[in-house]
Amino acid sequence: MKKDELEARIKKVVSSLLKVPEEKIALSSDFVKDLGAESIQSLELVAAFEREFGIEMDEEESLEVKTVGKAVEFIGKILKEKGKLGE
Amino acid sequence: MKEMDLIQNFKERAKKNFRRIVFPESRDERILMAVKELAKEKIVIPILVGEKEKIYQFSKDLKIDLSNIEIHEPKKSENLERYVLSYMKKREVEKGIAGQLVKKNLLFGAMMVKEGDADGIVAGAANPTAIILQVARTTIGLAADISLLSSFFIMVIPEFSGEKEKILIYADAAVNIDPDAQQLADIAISSGRTAKQLLGIEPKIALLSFSTKGSASHPLIEKVVQATKIAKEKDSSLFIDGEFQGDTALVPDVAKKKLKELGEVAGRADVLIFPDLNSGNICYKLTQYLAKAKAYGPILQGAAKPVSDLSRGASKDDIVDIASIVAVESI
């Protein structure tokens, strides 16, 4: 998977779970402040990302991820370690 | 009731009822130590949530013997499907996402309580308050007629008006920043019920302000006046009164001077309801340090079943005490 595909899939997951149109989701979007996520949705997002990419995210570390861009970085790092993310 | 007696009393009552209390933060050393002590002393039946292999390895490294402790592994649990379906009744999420979510230790532990497989949950040593509150609200839910989760402290004051080790309940000193009148009324009612359940007293609940029965006028006071009215109407079985200044609530001589009709609460209050988190939090800390009071809490209230939100800095002994309180709340 390339990074732009990862970004697109993350935006799709966020859009579906938070019910926000994809075009309104930017890398700089804050899940709570910009996209209106409640804290239970932060947990649901983690679960949705884990399912989408077949990964496990550390609960505490993943809750420190506040923006879409940070999620791309965080998940990208896990996928890279698994050899699933290309340059 | 004396301070030592208070915690001892909770432990004795917990022992008699031997409740099932779930601890989802099984990767925390303090939790494992507390669980071991709770089991050894037969205070509660502690239940850990997590992967057995990892927990045993972790406890082996720490030299904590967890044999005979019940451990539930979410991924292998026969209850998982039931919990997933139950979660989906509350939240509109795909089954796959709900499944992934409920496999997480905190959610699984909360669902055990929700579904009646445990009597209460003790968490918060490794999870932020916002997450604990939201998980509790979403899974376990609120008590039938209560609109919000709130928190209370049990304050044990070394001496007050000649009385040794006076016990007071302070609420809300940790969770709700600026409750409206309806919410403040619910905090008062929850706190009264908590005091009854835990302390076995007929609580005298005072809603505090900087005015006593109209001695001053301001929108901030009006909120407390409204809250008092709502709370009295909503639960007439409780002794609730206000708005009172702190001295009117606590000191009989002041109450007699300031009020024409004393009622049941003025001068005798033992449950103090603060109008917002500024006042509640400031007062609990001032009482703790200036009066050398012992503060137990914050303990959550308002959920359909008992939930604790431990402070991140809680010690093993704090966790044992809180687990005993959660067990007594569930009786």
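Parameters at a glance
Residues numbered from 1 in each chain as written. Chains lettered and ligands numbered in written order. Predicted model: local features only at pLDDT ≥ 70, side-chain atom pairs only at ≥ 80, totals over all residues. Heavy atoms only, no water. Core = buried A, V, L, I, M, F, W, Y, C linked by side-chain atoms within 4.5 Å. Buried < 20%, exposed > 50% of the residue type's maximum accessible area, 1.4 Å probe, protein only. Helix = DSSP H or I, 4+ residues; strand = E, 2+ residues; numbered from the N terminus. Pairing = 2+ DSSP bridges. Axes fitted to C-alpha atoms, helices over the stretch in contact; angles between N-to-C directions. Contact = heavy atoms within 4.5 Å. Buried area = accessible area lost by both parts, 1.4 Å probe. Salt bridge = Lys/Arg side-chain N within 4 Å of Asp/Glu carboxyl O. Right-handed = clockwise from strand over helix to strand, strands pointing away. Domains from an automatic or database assignment. Polar contact = N/O pair within 3.5 Å; in protein donor to acceptor, adjacent residues only side chain to side chain. Nonpolar A, V, L, I, M, F, W, Y, C, P; charged D, E, K, R; others polar.

Enquirer: Teacher, can you tell me more about the nonpolar core here?
Expert: The biggest cluster of nonpolar side chains holds 64 residues, and the ones touching the most others in it are Ile10(A), Val14(A), Leu18(A), Phe31(A), Phe49(A), Ile75(A) and Tyr87(B). Counting residues per element, this core draws most heavily on helix α2 (residues 39–53) of chain A, at 8 residues.

Enquirer: How should the sheet that holds strand β2 (residues 45–49) of chain B be read in this particular structure?
Expert: In a beta sheet, neighbouring strands are held together by backbone hydrogen bonds and run either parallel or antiparallel to one another. All names here are of chain B. With respect to topology, 5 strands assemble into an open sheet ordered β3-β2-β1-β4-β11, the strand pairing being parallel. Two strands in the sheet have a free side with no partner beyond their single neighbour: β3 (70–72) and β11 (307–309). Each strand of the sheet is rotated relative to its neighbour by a mean of 25 degrees, with strand direction disregarded. Here strand β1 (residues 20–23) pairs with strand β4 (residues 120–123) via 2 bridges, running parallel. Residue pairing across strands places Val22 opposite Ile121, the latter belonging to β4. With respect to the sheet, helix α2 (residues 29–40) is in contact with β1 and β2, its orientation differing from that of β2 by roughly 150 degrees. Against the sheet, helix α13 (residues 316–329) touches β1, β4 and β11, its axis set at about 160 degrees to β4.

Enquirer: Help me understand the interface of chain B and chain A in this model?
Expert: When the parts of a complex come together, some accessible area is lost, and that lost area is often taken as the interface size. Counting residues at the interface gives 21 residues for chain B, matched by 20 residues for chain A. For the pair chain B and chain A, the summed buried area comes to about 1700 Å², and 56% of that belongs to carbon and sulfur atoms. Contact with chain A buries surface across chain B, with Ile97(B), Gln100(B) and Lys104(B) losing the most and accounting together for 30% of the total. Our enumeration of links across chain B and chain A arrives at 3 salt bridges.

Enquirer: Whenever I open this one, the pairing of strand β8 (residues 239–244) of chain B confuses me. Can you help?
Expert: Consecutive residues of a regular strand have side chains that alternate between opposite faces of the sheet. The buried count for β8(B) comes to 5 of 6 residues, which makes it a mostly enclosed element. This β-α-β element, strand β7 (residues 204–208) of chain B to helix α9 (residues 219–234) of chain B to β8(B), shows right-handed connectivity.

Enquirer: How should I be thinking about the domain arrangement of chain B in this particular structure?
Expert: Residues and elements named next belong to chain B. Here chain B is partitioned into domain 1 (3–141 + 303–329) and domain 2 (150–296). Measuring from the centre of the C-alpha atoms in domain 1 to the corresponding centre in domain 2 gives 31 Å. Of the roughly 1000 Å² buried between domain 1 and domain 2 on both sides combined, carbon and sulfur atoms contribute 65%. Counting every contact that joins domain 1 to domain 2 gives 0 salt bridges. Counting across the interface, domain 1 meets domain 2 through 3 residue pairs in polar contact (both at pLDDT 80 or more). Put simply, the parts of the chain that give the side of domain 1 that touches domain 2 at least two residues each are α1 (3–17) and α13. At 5 residues, α1 tops the list of elements feeding residues into the side of domain 1 that touches domain 2. Here the side of domain 1 that touches domain 2 is built from residues that sort into 6 nonpolar, no polar and 4 charged.

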